[in-house]
Amino acid sequence: MHKKILLITSTILIAVIGFISCINNNNPMPEDVRGKDYAGASTCISCHKNIADIYIHSAHHNTSRISSAENIDGSFTSPANEFVYSDSMKVTMEKKGNTFYQTAYINGAETESHPFNITIGSGRKAQTYLYHAGDEIHQLPISYFMPTASWANSPGFPANNIFFSRNIPSKCFGCHASAANVEVVQTGSLELSEKYLPGQQLLSIDCERCHGPAKLHADYHTAHPGETVPKYITVITKLSRQQKMDMCGVCHSGNKKELKSVFEFKPGDDLHDYQEPDFMHVDINKMDVHGNQVQLLMASKCYQQSKDLNCLSCHNAHGDEIQNMALFSQKCMVCHTEANHNFCTMKPAPGLVLQANCIDCHMPALPSKKVTLLTNHQESPRPDYIRTHLIAVYNKLNNAITK
């Protein structure tokens, strides 16, 4: 009798296991759009929640997001919701139902209206916005500029007419997203065009964009929870200085010609295999929001006289420390001390503590010659100010480097 019950129970158990297996095979976990080697950020968070809780506030994480009331800066209330081109032409930021729009009006009549679909920019300095146009992605004509707390003409857009048709190539997402899969189609005898594949964009810069594919790593450590030595993942601290600079240089060495998609770049790769950055030429007057910070840092004496100084020496890529001048200054003073006879010789002004802010003097924020924005009711564009990474002694009158 007992044997009969055991046999029946075993049969039922085998059937249940087989049924569950069948369900799992028919409904597998969705694969990351980058392929089967990737685990996905949610998997990383399960073991690294303390880092993830900090990272969600970083500029890297917030560089691109689905547009929502929480991440569109700027007013949607009249009259602060308008960008006026002329007495007869304006764009109004409007909410229609649960969706936000930029709507063009000429002589009081609505001529065109498109939704805020994607917010580009963390909101620290500026934001611009994109919308889906069939299988293309276009940029909206109005951005938001934090220093003036106002809507502004999107960089590079005409100042005398409303333009909704600027196409955004996948290369732009190379530094503002983790994936943007496209189909390249021939539109003419010598012309190619990109069509974005539905559901194949992965916004934000996620863990695996910088640390590399982590599926094997996650699977191994899930199966071996007691193992503390990281397996099947690149350990950033073990990379050479140039490899670390190349990692940051993917997005912070300028908007250069691509040899192949930077989405394929993995930590430890040689950046020259992916693009043609010019690490030798430095022009301080051509600082760009797209970034030549890597070249500027490498041209600094601090970098050249050090064996290990790199971007990560000062920047915590997981955090949001950008305004903490005292923290950055402490990192300067690891090397610059009175004992080493290389400490600042400037006599501090009353109330000024040198140790609290080395940065504004030796890495000043300078006007970009490439990025300007025309804010509301202004006749000439205002430059964006970008902090130079050419560490030097600057003339306070004109921010020129003193010899």
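Criteria and thresholds
Residues numbered from 1 in each chain as written. Predicted model: local features only at pLDDT ≥ 70, side-chain atom pairs only at ≥ 80, totals over all residues. Heavy atoms only, no water. Helix = DSSP H or I, 4+ residues; strand = E, 2+ residues; numbered from the N terminus. Buried < 20%, exposed > 50% of the residue type's maximum accessible area, 1.4 Å probe, protein only. Contact = heavy atoms within 4.5 Å. Areas by Shrake-Rupley, 256 points an atom, 1.4 Å probe, with all protein chains shown as cover. Salt bridge = Lys/Arg side-chain N within 4 Å of Asp/Glu carboxyl O. 1 Å grid on protein atoms, 1.4 Å probe; cavity = no way out; pocket = protein on both sides within 12 Å on 5 of 7 lines; lining within 4 Å. Points joined across faces, edges and corners; volume = space filled by probe spheres on them. Nonpolar A, V, L, I, M, F, W, Y, C, P; charged D, E, K, R; others polar. Core = buried A, V, L, I, M, F, W, Y, C linked by side-chain atoms within 4.5 Å. Polar contact = N/O pair within 3.5 Å; in protein donor to acceptor, adjacent residues only side chain to side chain. Pairing = 2+ DSSP bridges. Axes fitted to C-alpha atoms, helices over the stretch in contact; angles between N-to-C directions. Disulfide = S-S within 2.5 Å.

## So, the overall build of the chain
- Helix and strand content of the chain: 12 helices and 15 strands.
- Of all 403 residues assigned to the chain, the portion counted as buried reaches 36%.
- Pairs at least 24 apart in sequence give 54% of the contacts found in the chain among residues at least 6 apart.
- Per element, the accessible surface of the chain, about 23,600 Å² overall, is 57% carbon and sulfur.

## Details of the pattern of salt bridges
- Under the definition given, this model contains 12 salt bridges.
- With a shortest N-O distance of 2.8 Å, E82 and K90 are connected by a salt bridge.
- Using a relative accessible area of 18% as the deciding quantity, one classes E82 as buried.
- Note that E110 and K96 form a salt bridge whose closest N and O atoms lie 3.9 Å from each other. Here E110 is found in strand β5 (residues 109-115), whereas its partner K96 is found in strand β3 (residues 89-96), with 14 residues between them in sequence.
- Owing to a relative accessible area of 33%, K96 belongs among the partly exposed residues under this scheme.
- Beyond isolated ion pairs, a larger network of salt bridges with shared partners links D32, R34, D206 and E208.

## With respect to empty space enclosed by the protein
- In total, this model carries one cavity of 30 Å³ or more according to the counting rule given.
- One number sums up the size of the largest cavity: a volume of about 40 Å³.
- Surrounding the largest cavity, R34, Y38, S178, E208, R209, F263, F265 and K266 form its lining.
- Of the residues contributing to the lining of the largest cavity, the split by class is three nonpolar, one polar and four charged.

## Focus on the nonpolar core
- Formed by 18 residues in total, the largest nonpolar core has its most connected members in Y85, F116, Y129, I142, W151 and I162.
- Elements represented by at least two residues in this core include exactly β2 (82-86), β3, β4 (99-106), β7 (126-133) and β9 (142-145).
- With three residues, β3 is the single largest residue contributor to this core.
- In this structure F116 touches S67, I72, F76, M93, F100, Y101, Q102, Y129, L130, L140 and W151, once residues within four positions along its chain are discounted.
- By size, the runner-up hydrophobic cluster in this structure holds 11 residues, among which are I120, A177, L203 and F263.

## Comments concerning the side chain of S67
- Tracing the backbone through its elements, the reader meets S67 in the loop between β1 (64-66) and β2.
- At a separation of 3.1 Å, a polar atom in the side chain of S67 contacts the main-chain amide nitrogen of I118.

## Some words on the sheet that holds β3
- Judged by pairing direction, the sheet is antiparallel, and its four strands sit side by side in the order β2-β3-β4-β5 without closing on themselves. Unpaired on one side and paired on the other, β2 and β5 mark the two borders of the sheet. Mean inter-strand twist for the sheet, computed between neighbouring axes without regard to direction, equals 25 degrees.
- With eight bridges connecting them, β3 and β4 associate as antiparallel partners. The residue bridging M93 from the neighbouring strand is Q102, located in β4.

## A few points about unusual backbone geometry
- At the junction of S78 and P79, the peptide bond is cis and its omega measures out at 0 degrees in the coordinates.
- Of note in the backbone geometry, A149 takes a positive phi value of approximately 50 degrees without being a glycine.
- Relative to the helices and strands, A149 is located in the loop between β9 and β10 (150-153).
- In this structure, S204 is a non-glycine residue whose phi angle is positive, near 75 degrees.
- For S204, the location among the structural elements is in the loop between β13 (192-203) and α5 (207-211).
- Note on S204: relative accessible area 10%, which makes it buried.

## Description of the pairing of β5
- Sheet topology note: the β4/β5 ladder contains six bridges and is antiparallel. Across the sheet, the residue bridging to Q102 is H114, located in β5.

## Brief notes about the state of the cysteines
- For the structure shown, the criterion picks out one disulfide.
- Note on cysteine connectivity: C175 is disulfide-linked to C251, with sulfurs 2.4 Å apart. Taking the sign of the S-S torsion, -105 degrees for the link of C175 and C251, the bridge is left-handed. One end of the pair, C175, is in the loop between α4 (170-173) and β12 (177-186); the other, C251, is in helix α7 (residues 241-252), with 76 residues separating them in the sequence.
- With a relative accessible area of 27%, C175 lands in the partly exposed category.
- The thiol of C47 is unpaired, and the distance to the nearest cysteine sulfur, on C44, comes to 8.8 Å.
- No disulfide involves C248; its nearest neighbouring cysteine sulfur is the one of C311, lying 3.9 Å away.

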